[in-house]
Amino acid sequence: MSKDLDILADETYWRMRIFDSLSYPSVIISPDKTLMGANKKFYETLNLSFKEIFGKKCYDTFLDKNTPCNSNRCAISKVIKNKKSHSFILKHHYRWEERVFSPIFDENNEVVYIIASIRDITRTKSLEGQLHGVKEFISRVIHSSASAIVAADRQGNINLMNSVAKEMFGDYNGGKGKLKHTEQLYPPGKAKEIMRMLRDENVGGMGKLLIPRTTIVNAHGEKIEVEMSAAIIYDDKGNESATMAIYNDLRDKIKVEKELKMTQEQLAQSEKMASLGQLSAGVAHEINNPLTGVLFYASLLLERSDIDESMKEDLGYILEDANRCKEIVKSLLVYSRSTGAKKNIVQLNDIVKQSLNLIRDQQKFRNIKIIKDFSDEMMLIHADSSKLNQVLINLVINAADAMDGVGTITLTTYKEKSTGKISLEIKDTGKGIPHENLSKIFDPFFTTKEVGKSTGLGLSIVYGLIEEHGSKIFVKKTDSQGTTFVVEFPMYVASEKIPFLCNS
Ligand SMILES: Nc1ncnc2c1ncn2[C@@H]1O[C@H](COP(=O)(O)OP(=O)(O)O)[C@@H](O)[C@H]1O
Ligand SMILES: [Mg+2]
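This report concerns the structure included in the present document. (Residues numbered from 1 in each chain as written. Chains lettered and ligands numbered in written order. Predicted model: local features only at pLDDT ≥ 70, side-chain atom pairs only at ≥ 80, totals over all residues. Heavy atoms only, no water.)

1. Focus: the state of the cysteines
Disulfides are covalent bonds that link the sulfur atoms of two cysteine residues.
Here comes step 1: Scanning the model with the defined rule gives zero disulfides in all.
Here comes step 2: The structure places no disulfide on Cys69, whose sulfur is separated from the nearest cysteine sulfur, that of Cys74, by 5.8 Å.
Here comes step 3: The partly exposed category is assigned to Cys69, whose relative accessible area is 28%. (Disulfide = S-S within 2.5 Å. Buried < 20%, exposed > 50% of the residue type's maximum accessible area, 1.4 Å probe, protein only.)

The structure is reproduced here in structure tokens:
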């Protein structure tokens, strides 16, 4: 018997030791909320003694109340009712604590006591706070980035788009919109190719990829040129866990580059025309004098009676060709702007009609239909009408030549108030201008027509005249269906006048 008692004492002793060794302050409470005892850590932490708590009610000791708490809120009542642990977290003087209430059962599985422990979770809470802060920060960095960022899981399901990406791709809506999978962000087959390149060690390194220019497709089917960098995200063990891509919209950059290239080309063209203009003016003057001599002496010879008929015929050819040269010299002088312009305020539609009247009876236009598609608005420009006639006639004759005398020429005029431009389009149904000739057609003496029939000066003269008017000429479209030339004039705007105050 005494041996049994010894064992029991031993057992009780060890249980007490274990209870006292617990690092959490713990207190034993009976179902009627009476405090039965606590471990050493409890007395130390709360600076209480056994005598101060034994037999006291928990609400009296800890809450300074005479009556128990509402059973709906009382953790002890919950443990008794549910026969299982219950815990809650509270902040206590800058410390975060988890209060854990666990049941102690008797042989009949009834709750006889409740052990309540206090666990200090301040450090865990602080780490949790830091983690939350880091997450928030990363999220803010991603969402405030000027680049579009998209992340997807291993299967390619999109799980993140920052605001720039949402705007660029459209209709993502957290996966509830049209866009759900990375394959939808590219032209067919492209997503797979990108994944293949991402995993290729020789393309930007394993798991990394930089494509300076590629095409993406947004939810509206619009193709957008972008610069793209992509990466595979690996977990701690080196397994692929996600992918991400950063896109920069290149549309504005491409537009600026195009405009710059056009401006450079236009500048180069104007410079070329200006130097050629000076050169032509010099050559024209130099040729003019000897040519006048040739014409004069040839005419004198032709009038002589002692010359036989066959020589007269030859002299006729000399005169004809010399006259032709004179015409060319005259054209060169016009091209080199050696004659000044007389500008007036004119109606573009009237000038076009006038020019057409000048040529309409020519044999060349017999089988050509001319359509006048004129704007009803006033199309006032500041121009020299005779020079504009020259421009028009040149362009219309070229159009007729390109159609071998059969087809339709459409002349359209229109006004663009927003840009202050008045335009004239000359569209033909001719054979078009081969791409390689486009940069040469405004050059003097460039012609594809039969030698001796054409001088190749027409468009270069037109170019010079158009420049004199502060206007622009360019080929809007050309292919096997025909060519459209556009001449753009600045709209004439009357300067504001001071109102006339006198009625008389
Ligand atoms: N409407 C057009 N359609 C096709 N080619 C054209 C057209 N206008 C001009 N061209 C091309 O531009 C060249 C230069 O024209 P231009 O300077 O007027 O000289 P020319 O008419 O004497 O050949 C033409 O020979 C032709 O090849
Ligand atoms: Mg011509």
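2. Quick look at helix 12 (residues 385-402)
Here comes step 1: With 18 residues, helix 12 extends 26 Å from end C-alpha to end C-alpha; this agrees with the ideal 26 Å at 1.5 Å per step.
Here comes step 2: Here helix 12 has its buried residues at Lys387, Leu388, Asn389, Val391, Leu392, Asn394, Leu395, Val396, Ala399, Ala400 and Ala402.
Here comes step 3: Directly beyond the C-terminal end of helix 12, a positive phi value near 50° is found at Asp404. (Helix = DSSP H or I, 4+ residues; strand = E, 2+ residues; numbered from the N terminus. Expected span 1.5 Å × (residues − 1).)

3. Thoughts on the packing of helix 12 against helix 13 (residues 458-468)
Here comes step 1: Interaxial distance between helix 12 and helix 13 falls to 9 Å at its minimum, and their mutual angle equals 145°. Once helix 12 is placed against helix 13, the crossing between them reads as left-handed. Across from Lys387, Gln390, Val391, Asn394, Leu395 and Asn398 in helix 12, the residues of helix 13 making contact are Gly458, Leu459, Ile461, Val462, Leu465, Ile466 and Glu468.
Here comes step 2: Class assignment of the residues belonging to the contact of helix 12 with helix 13 gives a composition of seven nonpolar, four polar and two charged. (Axes fitted to C-alpha atoms, helices over the stretch in contact; angles between N-to-C directions. Left-handed = near helix turned anticlockwise from the far one by under 90°. Contact = heavy atoms within 4.5 Å. Nonpolar A, V, L, I, M, F, W, Y, C, P; charged D, E, K, R; others polar.)

4. Here's the deal with a nonpolar patch on the surface
Here comes step 1: A grouping of Val134, Phe137, Ile138 and Val141 is seen on the molecular surface, where their side chains present a nonpolar patch of about 370 Å² in accessible area.
Here comes step 2: Relative to the elements of secondary structure, Phe137 occurs in helix 6 (residues 122-143).
Here comes step 3: With a relative accessible area of 53%, Phe137 lands in the exposed category. (Patch = residues over 30% accessible without salt bridge, like charges linked within 9 Å, V, L, I, M, F, W, Y side chains within 5 Å. Areas by Shrake-Rupley, 256 points an atom, 1.4 Å probe, with all protein chains shown as cover. Salt bridge = Lys/Arg side-chain N within 4 Å of Asp/Glu carboxyl O.)

5. Some words on the sheet that holds strand 8 (residues 208-217)
Here comes step 1: The strand order across the open sheet formed by five strands is 7-6-10-9-8, and the pairing between neighbours is antiparallel. Two strands bound the open sheet, and with one partner strand each, they are strand 7 (158-161) and strand 8. Geometrically, the sheet is characterised by an average inter-axis angle of 25° between neighbouring strands, direction not taken into account.
Here comes step 2: Taken together, the nine bridges between strand 9 (residues 223-234) and strand 10 (residues 240-249) define a ladder with antiparallel strand orientation. Bridging across to strand 10, Val226 finds its partner in Asp249.
Here comes step 3: Where helix 8 (residues 190-198) meets the sheet, it contacts strand 8, strand 9 and strand 10, and its direction lies at approximately 175° from that of strand 8. (Pairing = 2+ DSSP bridges.)

6. Observations regarding the site of ligand 1
Here comes step 1: Around ligand 1 lies a shell of 18 residues, among which Asn398, Thr447, Thr448, Lys449 and Leu459 are the nearest.
Here comes step 2: A distance of 2.8 Å separates an oxygen atom of ligand 1 from a polar side-chain atom of Asn398.
Here comes step 3: For ligand 1, whose free accessible area comes to 530 Å², the fraction covered by protein is 94%.
Here comes step 4: Across the shell around ligand 1, the residue classes tally to seven nonpolar, nine polar and two charged. (Near = heavy atom within 4 Å. Polar contact = N/O pair within 3.5 Å; in protein donor to acceptor, adjacent residues only side chain to side chain.)

7. Some details on the environment of Phe54
Here comes step 1: Following the sequence through the fold, Phe54 ends up in the loop between helix 3 (50-53) and helix 4 (58-63).
Here comes step 2: Separated by 128 residues in the primary sequence, Phe54 and Thr182 place their C-alpha atoms 67 Å from one another.
Here comes step 3: Not counting the four nearest positions on each side in its chain, Phe54 is found in contact with Leu35 and Met36.

8. Here's the deal with unusual backbone geometry
Here comes step 1: With a phi angle near 60°, Asp64 is a residue other than glycine that sits in the positive phi range.
Here comes step 2: You can see Asp64 is positioned in the loop between helix 4 and helix 5 (75-82).
Here comes step 3: The backbone of Lys83 shows a phi angle near 55°, a positive value even though the residue is not glycine.
Here comes step 4: Take Lys83: it is sitting in the loop between helix 5 and strand 3 (86-92).
Here comes step 5: Here Lys83 falls in the partly exposed class, since its relative accessible area comes to 34%.

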